[in-house]
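Chain residues, written in single-letter form:
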Amino acid sequence: DVQTVTLEGVSAIESGYTVTDTVLDGEKVIFTTAGDFRDCDHIREIYITGNTTIIEPYSFYDCENLTKVEMNGQTLSLGHRAFEDCTSLSDVYISSALTSMGLVPFIGCENLSEVEFGEGSSFVCENSILFATEDGVKTALLECLKGKTTPSVTASEVPSMVTSISESAFEDTN
């Protein structure tokens, strides 16, 4: 049984799973295909390093025993619902390379209350709420994490500079 998957270029060929590499705008781009690791209950940790630049929607859907995700490479895009229903997920680090995040990438992750982003990131997590930022200012509320210890969001938790709220931001809250 695979317990750790490391996506490092195209070397993530574990138990028959594949990572695709292609050329986009003259650069080699490596990405998961939607649903590649879907329902993989044997995966406990995922380390995404190197040139894995796109994590497609639903890539790690319902990996119930996944507890940790580290994106230390050049991941630029995290697809919507990429980690949906990873109910054991509690530890997430995403480097500052990330520039695009789909709708509610962590929906259904009931043990996830915080996501750590690298310094200078375009995203931040505060009080279990994911925000997009511009020049360090929170401008969009993206997702309220299911692991939030209080079931509601107060006005004081949403800065006045927030100009948009994702259509699904509160989909998984009580």
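J.: Quick question: what am I supposed to make of the sheet that holds strand β13 (residues 137-144) here?
T.: Two strands in a sheet stick together by hydrogen bonds in their backbones, pointing the same way (parallel) or opposite ways (antiparallel). One open sheet accounts for four strands, arranged β11-β12-β13-β14; its pairing is mixed. Looking at strand neighbours, the two that pair on one side only are β11 (123-126) and β14 (164-165), the edges of this open sheet. Across two bridges, β13 lies against β14 in parallel orientation. Looking at β14, one finds that Leu141 is bridged to Ile165.

J.: Explanation requested: the pattern of salt bridges in the structure shown.
T.: Close approach of charged atoms allows side chains of opposite charge to pair. Tallied over the full model, the rule gives five salt bridges. Residue Glu84 is joined to Arg81 by a salt bridge in which the shortest nitrogen-to-oxygen separation is 3.4 Å. On the basis of relative accessibility, which here comes to 12%, the residue Glu84 falls in the buried class. On the basis of relative accessible area, Arg81 is assigned to the buried category, the value being 15%. Among the charged side chains, a network of salt bridges with common partners joins Arg81, Glu84 and Glu171.

J.: Where do I start with the pairing of strand β4 (residues 45-49) in this structure?
T.: Note on strand geometry: in a regular strand, side chains alternate between the two faces of the sheet. Residue alternation in β4 divides its side chains into a buried set, Ile46 and Ile48, and an unburied set, Glu45, Tyr47 and Thr49. Here four bridges tie β4 to strand β6 (residues 68-71), and the two strands are oriented parallel to one another. Looking at β6, one finds that Ile48 is bridged to Met71.

Rules used in this analysis
- Residues numbered from 1 in each chain as written.
- Predicted model: local features only at pLDDT ≥ 70, side-chain atom pairs only at ≥ 80, totals over all residues.
- Heavy atoms only, no water.
- Pairing = 2+ DSSP bridges.
- Helix = DSSP H or I, 4+ residues; strand = E, 2+ residues; numbered from the N terminus.
- Salt bridge = Lys/Arg side-chain N within 4 Å of Asp/Glu carboxyl O.
- Buried < 20%, exposed > 50% of the residue type's maximum accessible area, 1.4 Å probe, protein only.

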